[in-house]
Amino acid sequence: MNTNNPVITSCIEGIWAELEDRPDDARISYRRAWAACTTDYEACIAAHYLARVQDTFEASLQWNLRALELAYMSPQENVRDFYPSLYMSIGHAYKQLGGMDQAQRYYR
């Protein structure tokens, strides 16, 4: 992971903001990351982190599904380790929305 990459840097700032219970700052950082994306791989990362700070499970699900779509379009050596987090997040959102069949699909 290139910590000099502006997308990665903004996501790290967002994580720190979340840990410090500053959700508005986290949203700003993740939106900045999204705006800085130049590749599908970067957009996959930014979308996954944007999903974390959504106000609804529906919105979170949509961002994570977008992240998954972008992961499929990225070089697989870059995203291979990212899939478990994406699948778990998508499964969790489906579960919260009452879609247990869809949740189980992603959990598997």
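Above this text you will find the structure in question.
This text gives an overview of the structure that appears in the document. (Residues numbered from 1 in each chain as written. Predicted model: local features only at pLDDT ≥ 70, side-chain atom pairs only at ≥ 80, totals over all residues. Heavy atoms only, no water.)

Here's the deal with the nonpolar core
Nonpolar side chains in soluble globular proteins tend to be buried together.
Inference 1: Of all hydrophobic cores here, the largest spans 29 residues; its most connected members are Tyr-30, Cys-44 and Leu-86.
Inference 2: Looking at this core, the elements with two or more residues in it are helix 1 (6-19), helix 2 (23-36), helix 3 (40-52), helix 4 (57-72), helix 6 (83-96) and helix 7 (100-107).
Inference 3: Looking at which element gives the most residues to this core, the answer is helix 3, with 7 residues.
Inference 4: Setting aside residues up to four positions removed in sequence, Cys-44 forms contacts with Ala-67, Leu-70, Ala-71, Val-79, Phe-82 and Leu-86. (Core = buried A, V, L, I, M, F, W, Y, C linked by side-chain atoms within 4.5 Å. Buried < 20%, exposed > 50% of the residue type's maximum accessible area, 1.4 Å probe, protein only. Helix = DSSP H or I, 4+ residues; strand = E, 2+ residues; numbered from the N terminus. Contact = heavy atoms within 4.5 Å.)

Topic: the packing of helix 2 against helix 3
Inference 1: At a closest axis distance of 9 Å, the pairing of helix 2 and helix 3 adopts a crossing angle of 160°. With respect to helix 3, the element helix 2 is oriented roughly antiparallel. The two elements helix 2 and helix 3 cross, and the hand of that crossing is left-handed. Contacts from Tyr-30, Arg-31, Ala-33, Trp-34 and Ala-36 of helix 2 reach helix 3 at Glu-42, Ala-43, Ala-46, Ala-47, Tyr-49, Leu-50 and Arg-52. (Axes fitted to C-alpha atoms, helices over the stretch in contact; angles between N-to-C directions. Parallel < 35°, antiparallel > 145°, perpendicular 65-115°, else oblique. Left-handed = near helix turned anticlockwise from the far one by under 90°.)

Concerning the pattern of salt bridges
Opposite charge on two side chains permits them to pair, given that their charged atoms come into close proximity.
Inference 1: Scanning all chains against the criterion turns up 7 salt bridges.
Inference 2: Put simply, Arg-32 and Glu-13 hold a salt bridge, and the shortest N to O gap is 2.6 Å. Taken together, the positions of Arg-32 in helix 2 and Glu-13 in helix 1 put the pair 19 residues apart, joining distant regions of the chain.
Inference 3: The class for Arg-32 is partly exposed, based on a relative accessible area of 38%. (Salt bridge = Lys/Arg side-chain N within 4 Å of Asp/Glu carboxyl O.)

Details of the packing of aromatic side chains
Inference 1: Taken as a whole and judged by the stated rule, the model has 6 aromatic pairs.
Inference 2: Each ring, one from Tyr-83 and one from Tyr-87, has its centre 5.6 Å from the other, and the planes form 20°; the classification is stacked. Of this pair, Tyr-83 and Tyr-87 both sit in helix 6, 4 residues apart, roughly one helical turn.
Inference 3: Using a relative accessible area of 27% as the deciding quantity, one classes Tyr-87 as partly exposed. (Phe/Tyr/Trp six-rings, centres within 6.5 Å; stacked < 30°, edge-to-face > 60°.)

What about the environment of Cys-37?
Inference 1: Note on placement: Cys-37 falls in the loop between helix 2 and helix 3.
Inference 2: On a C-alpha basis, the gap between Cys-37 and Leu-61 in space is 20 Å, while along the polypeptide they are 24 residues apart.
Inference 3: Dropping the residues within four chain positions of it, Cys-37 is found in contact with Val-7, Glu-42, Ala-43 and Ala-46.

On their own, these measurements won't tell you what the molecule is for.
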